[in-house]
Amino acid sequence: MVAAGDALMSTFAVRTVTDLRQSLAPWRKAGERIALVPTMGALHDGHLSLVALAKSNADRVVASIFVNPAQFGPREDFNRYPRDEAGDLLKLDAAGANLVFVPETAEMYPHGFSTNVGVSDLTEDLCGASRPNHFDGVATVVTKLLLQCAPDLALFGEKDYQQLLMIKRLVRDLDIPVEILGGPIVREKDGLALSSRNAYLSPSERKTAPLLYQTIVAVANDLRQGRGADDAAAAGRFKLEAAGFQVDYVAVRDPETLKPLSGPVERARVLAAVQLGRTRLIDNVAVPAPTNR
Ligand code: AMP
């Protein structure tokens with residue numbers, strides 16, 4: 001149990017798989033539907049929207065907070081990734097989560113840990129190209145969390161669209177008995193997708209950052225007007241580079257397979273990843289835009 005000096009926190013947060021399973025047992029015995037929302041903490045309204053979606057689709061909501069070292073590359077931001085456990089627990093309590101799993105690294109990766117879960121399709125390009133072991137790290141930790149918690153439902157954001165598709169495939173391929181639900185991207189008023197990494201942005205970078213969303217919306221509009229996929233993506237890249245972003249990719253892809261599309265398209269996902277100063281930002285939009293949101 002977490003020593004937060006507070007009775008609420010001591011019943012609300014668990015650090016070991018044994019305590020997690022013990023806390024879940026009565027709910028499971030009562031036939032309650034359990035949802036899991038995995039996170040890396042530093043919670044914002046995007047994470048909390050998944051908790052809300054979980055609450056409306058399940059009887060009990062478990063959130064996990066674990067900054068997973070396996071999904072960070074050696075030159076990435078694992079050490080400086082924002083951490084605010086006490087604040088996160090308060091936010092999760094206010095959002096109505098029933099339990100929070102906050103494992104230490106040694107609980108997830110005990111000495112001698114040597115198993116890797118990898119999904120070969122869907123992960124090789126886009127973010128996988130510039131973050132070589134990232135998706136294996138995500139697939140391994142998500143598999144562990146799903147086995148530890150055994151939820152009926154697990155929720156992931158469309159913000160990490162490639163990750164969401166990979167997890168759906170992973171669960172299907174390994175026959176993990178869980179429903180995967182994607183939640184829509186929550187944005188700032190100016191369009192910037194909420195992200196724990198936005199905290200890294202300097203004031204001037206923060207002013208530039210919404211151009212990422214504006215640009216992929218412009219690419220999506222170009223596609224709707226019949227402009228070819230390659231052409232529209234190239235125009236998006238040009239616009240971002242001109243504004244000072246270091247562009248990793250601007251891509252127009254099949255929304256289910258993530259295969260590249262070219263020429264005029266009717267259904268697609270426009271995805272982009274950029275570096276702005278020291279901060280990596282990703283975003284994506286659907287073509288056509290969803291009508292029910
Ligand atoms: P993270 O803590 O960044 O690993 O994110 C945990 C979950 O929250 C993932 O499923 C993300 O896709 C999701 N998420 C992150 N940002 C947003 C956002 N702006 N809107 C909706 N979901 C998000």
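Everything here concerns the structure above.
Residues numbered from 1 in each chain as written. Predicted model: local features only at pLDDT ≥ 70, side-chain atom pairs only at ≥ 80, totals over all residues. Heavy atoms only, no water.

**Examining the overall build of the protein chain**
Quick reminder of the rule: Numbering of helices and strands runs from the N terminus, with a helix taken as a DSSP run of H or I at least four residues long and a strand as a DSSP run of E at least two residues long. We compute the radius of gyration from the C-alpha atoms alone; for a globule the expected value is 2.2 Å times N to the 0.38, where N is the number of residues. Any residue under 20% of the maximum accessible area for its type is buried, any over 50% is exposed, and the rest in between are partly exposed; the area is computed with a 1.4 Å probe on protein chains only.
A tally of helices and strands in the protein chain yields 11 helices and 9 strands. Since a compact globule built from 293 residues should have a radius of gyration of about 19 Å, the 19 Å found for the protein chain is in line with a globular shape. Dimensions along the principal axes, computed over C-alpha positions, put the protein chain at roughly 55 × 40 × 40 Å. Within the protein chain, the proportion of its 293 residues that are buried is 51%.

**Observations regarding empty space enclosed by the protein**
To keep things clear, this is the line we draw: Cavity means a closed set of points on a 1 Å grid over the protein atoms alone, one where a 1.4 Å probe fits but cannot get out, pocket means an open set with protein on both sides within 12 Å along at least 5 of 7 lines, and lining means a residue has an atom within 4 Å of a point. Grid points are joined across faces, edges and corners, and a volume is the space filled by probe spheres set on the points. Three categories are distinguished: nonpolar for Ala, Val, Leu, Ile, Met, Phe, Trp, Tyr, Cys and Pro, charged for Asp, Glu, Lys and Arg, and polar for the others, with Gly belonging to the last.
In total, this model carries 1 cavity of 30 Å³ or more according to the counting rule given. For the largest cavity, the calculated volume is near 900 Å³. What lines the largest cavity is a set of 50 residues, among which Met40, His47, Lys159, Asp160 and Gln163 lie closest to the centre. Only strand 2 (34–39), helix 3 (45–55), helix 7 (134–149), strand 5 (153–157), helix 8 (161–173), strand 8 (268–276) and strand 9 (279–287) provide two or more residues apiece to the lining of the largest cavity. Partitioning the lining of the largest cavity into residue classes produces 26 nonpolar, 18 polar and 6 charged.

**Observations regarding the environment of phenylalanine 135**
Worth spelling out the cut-off: Here, residues are in contact when the closest pair of their heavy atoms is within 4.5 Å.
Mapped onto the elements of the fold, phenylalanine 135 is located in helix 7. What makes phenylalanine 135 buried here is its relative accessible area of 6%. As a C-alpha pair, phenylalanine 135 and glycine 118 span 17 residues in sequence and 7.2 Å in three-dimensional space. For phenylalanine 135, the residues in contact, after removing those within four places along its chain, are Thr123, Cys127, Gly128, Gln162, Gln163 and Met166.

**Remarks on the nonpolar core**
Keep this limit in mind: Note on terminology: a nonpolar core comprises buried Ala, Val, Leu, Ile, Met, Phe, Trp, Tyr and Cys residues joined through side-chain atoms within 4.5 Å.
One finds Leu20, Leu24, Val62, Val142, Leu146, Ile167 and Ile180 to be the most contacted residues of the largest nonpolar core, which totals 44 residues. Within the residue set of this core, elements represented by two or more residues are helix 2 (17–29), strand 2, strand 4 (99–101), helix 7, strand 5, helix 8, strand 7 (246–253) and strand 8. The leading source of residues in this core is helix 7, at 8 residues. Setting aside its immediate chain neighbours within four residues, valine 62 contacts Leu20, Leu24, Trp27, Ile34, Ala35, Leu36, Val37, Leu99 and Cys149. By size, the runner-up hydrophobic cluster in this structure holds 25 residues, among which are Ala209, Ala220, Val250 and Ala268.

**Section: the pairing of strand 2**
The condition that has to hold: Whether two strands pair depends on DSSP finding at least two bridges between them. Clockwise travel from the first strand over the helix to the second, with the strands pointing away from the viewer, marks a crossover as right-handed.
Burial analysis of strand 2 places 6 of its 6 residues in the buried class, which makes it a mostly covered element. Residues Ile34, Leu36 and Pro38 of strand 2 are buried on one face, and the alternating residues Ala35, Val37 and Thr39, pointing to the opposite face, are buried as well. With 6 bridges connecting them, strand 2 and strand 3 (residues 60–65) associate as parallel partners. Considered in strand 3, the bridge of isoleucine 34 is made with arginine 60. Handedness of the crossover is the feature at issue here: the chain leaves strand 2, passes through helix 3, returns alongside strand 3, and the resulting connection is right-handed. Summarising the sheet, strand 2 and strand 5 pair through 2 bridges and their orientation is parallel. Across the sheet, residue alanine 35 finds its bridge partner in strand 5, namely leucine 153.

**Topic: the side chain of serine 196**
As a reminder, the rule being used: Here a polar contact means two N or O atoms within 3.5 Å. Within protein one must be a hydrogen donor candidate and the other an acceptor candidate, and residues neighboring in sequence count only if both atoms are side-chain atoms.
Looking at where serine 196 falls in the secondary structure, it is placed in the loop between strand 6 (179–183) and helix 9 (203–208). Here glycine 41 takes part through its backbone oxygen, which lies 3.4 Å from a polar atom of the side chain of serine 196. The contacts of serine 196, once residues within four sequence positions are left out, are Gly41, Ala42, His44, His47, Tyr81 and Pro82.

**What about unusual backbone geometry?**
Residue proline 288 is bonded to the preceding valine 287 through a cis peptide linkage, with omega at -5°. Looking at where proline 288 falls in the secondary structure, it is placed in the segment after strand 9. One non-glycine residue, alanine 42, lies in the positive phi region at around 50°. The residue alanine 42 is located in the loop between strand 2 and helix 3 in this model. Residue class for alanine 42 comes out buried when judged on its relative accessible area of 17%. The phi dihedral of alanine 150 is positive, around 45°, even though this residue is not glycine. Tracing the sequence through the fold places alanine 150 in the loop between helix 7 and strand 5.

**Brief notes about the site of the ligand**
Inclusion rule: Here, proximity means that at least one heavy atom of the residue falls within 4 Å of the molecule or strand. Accessible surface area values rest on a Shrake-Rupley calculation with a 1.4 Å probe, where residue burial reflects the displayed protein chains alone. Grid points define the cavity or pocket, and a molecule sits in it when more than half of its atoms lie within 2 Å of them.
In the vicinity of the ligand, 17 residues are found, and the nearest of them are His47, Gly157, Asp160, Val186 and Leu194. The backbone of methionine 40 places a nitrogen or oxygen atom 2.9 Å from an oxygen atom of the ligand. About the coverage of the ligand: the protein hides 92% of its 490 Å² of free accessible area. When atoms are counted within 2 Å of each cavity's grid points, the one that captures over half of the ligand is the largest cavity. Looking at the shell around the ligand, the elements with two or more residues in it are strand 2, helix 3 and strand 5. The greatest single-element share of the shell around the ligand, amounting to 3 residues, is contributed by helix 3. Of the residues assigned to the shell around the ligand, the class counts are 9 nonpolar, 6 polar and 2 charged.

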